[in-house]
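Chain by chain, the residues:
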Amino acid sequence: MVKIIMHGCNGHMGRVITDIVKNDADAEIVAGIDISDDGHNDYPVFDTIDKCDVDADVIIDFAHVSAIKPLMKYSTDKKIPVVVCTTGLDEELISLVGESSKEVAVLRSANMSLGINTLMHLLKAAANVFVPAGFDAEIVEKHHNLKLDAPSGTALALADSINDALPEDYEYKFDRSKERKKRERKEIGISAVRGGNIVGEHEVFFCGTDEVIEFKHTAYSKAVFAKGAVEAAKFLKGKSAGMYDMQDVIKEG
């Protein structure tokens, strides 16, 4: 049984995780952290993490980026591992998370979905076969019309998975509309679609002569990220200090 502190418990993802854990015999939320609370949770909620005096095995963070500094201080002071799911960290905060991992176990990934992280693993193997054989690698990602960044962090992570498997670095091509020339051999194309309420869809194509191999992942709700965070918490319990990611969760599973 892993005992969890839910950092950002009353936000959308915090509520989803709370519901998932209620039906998980191997996990329990023992405390929550949120600046607002209406008392609906069946665990104590503190408005700041430094006030939390409940013993726990792991912290799951789905709060605001402004709360990262006190979170990491609490984690390192109490030696409680933390799953960092909050996005939008700048270079200073990424550095802080990295420094904290020297004192406590920290898990951070571009995407918490078990499916996406399994896909990353598969893409490395596929790239080793198809790219040396002359196949072109292309990625198309689709998200809702409120998403601010393009391409998505997940699309870049998928591209990195392909690139990491290759003996030489490939260039990422985000926009071909401003130049009229043929596709370069050493490039990975990444295209972004924004519309409606698409939660997240990623397609990876290896395009060769007379054949195309396609990998696709579709997220129908944000619950897939919540489920991944819970599995990450189970993985991180008892781990020694260091930086981990969802690939480590996949490998251990």
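In case you missed it, the structure is sitting above this.
The text that follows walks through the structure, step by step, so that each part is easy to find.

### Observations regarding the pattern of salt bridges
And step 1. Taken as a whole and judged by the stated rule, the model has 22 salt bridges.
And step 2. We note a salt bridge from Lys-142 to Glu-201, for which the minimum N-O separation is 3.1 Å. On the criterion of sequence distance, the pair formed by Lys-142 in strand 7 (residues 136-143) and Glu-201 in strand 10 (residues 200-208) is long-range, its members being 59 residues apart.
And step 3. By relative accessible area, Lys-142 is classed as partly exposed at 23%.
And step 4. The closest approach of N and O atoms between Glu-231 and Lys-227, which form a salt bridge, is 3.1 Å. Residue Glu-231 and its partner Lys-227 are located together in helix 6 (residues 223-236), separated by four residues, close to a single helical turn.

### Remarks on the sheet that holds strand 6 (residues 105-108)
And step 1. Sheet architecture is open: seven strands sit in the order 3-2-1-4-5-6-12, paired in parallel fashion. The open sheet has two edge strands, strand 3 (45-46) and strand 12 (242-244), and neither has a second partner.
And step 2. Judged from the three bridges that link them, strand 6 and strand 12 form a sheet pairing that is parallel. Note that in strand 12 the partner of Val-106 across the bridge is Met-243.
And step 3. Across the sheet, helix 3 (residues 91-100) is in contact with strand 6 and strand 12; its angle to strand 6 comes to roughly 140°.

### Considering the nonpolar core
And step 1. Ranked by size, the top nonpolar core spans 31 residues in total, and within it Ile-17, Ile-60, Val-83, Leu-107 and Met-112 carry the most contacts.
And step 2. Listed by contribution, the elements that provide at least two residues to this core are strand 1 (2-7), helix 1 (12-22), strand 2 (27-33), strand 4 (58-61), strand 6, helix 6 and helix 7 (246-252).
And step 3. At eight residues, helix 6 tops the list of elements feeding residues into this core.
And step 4. If we ignore the near neighbours within four places in the chain, the residues touching Ile-60 are Ile-4, Ile-5, Met-6, His-7, Ile-17, Val-83, Cys-85, Ala-229, Val-230 and Ala-233.
And step 5. Membership of the second largest hydrophobic core comes to 25 residues, among which are Phe-130, Ile-139, Ala-159 and Ala-165.

### As for helix 5 (residues 153-164)
And step 1. If you check helix 5, its first and last C-alpha atoms are 16 Å apart, about what 12 residues at 1.5 Å a residue would give, namely 16 Å.
And step 2. Taken together, the buried positions of helix 5 are Thr-154, Ala-155, Ala-157, Leu-158, Ala-159, Ser-161, Ile-162 and Asn-163.
And step 3. Against the buried residues of helix 5 lie helix 4 (114-130), strand 7, strand 8 (171-173), strand 9 (187-194) and strand 10.

The rules behind each value
- Residues numbered from 1 in each chain as written.
- Predicted model: local features only at pLDDT ≥ 70, side-chain atom pairs only at ≥ 80, totals over all residues.
- Heavy atoms only, no water.
- Salt bridge = Lys/Arg side-chain N within 4 Å of Asp/Glu carboxyl O.
- Helix = DSSP H or I, 4+ residues; strand = E, 2+ residues; numbered from the N terminus.
- Buried < 20%, exposed > 50% of the residue type's maximum accessible area, 1.4 Å probe, protein only.
- Pairing = 2+ DSSP bridges.
- Contact = heavy atoms within 4.5 Å.
- Axes fitted to C-alpha atoms, helices over the stretch in contact; angles between N-to-C directions.
- Core = buried A, V, L, I, M, F, W, Y, C linked by side-chain atoms within 4.5 Å.
- Expected span 1.5 Å × (residues − 1).

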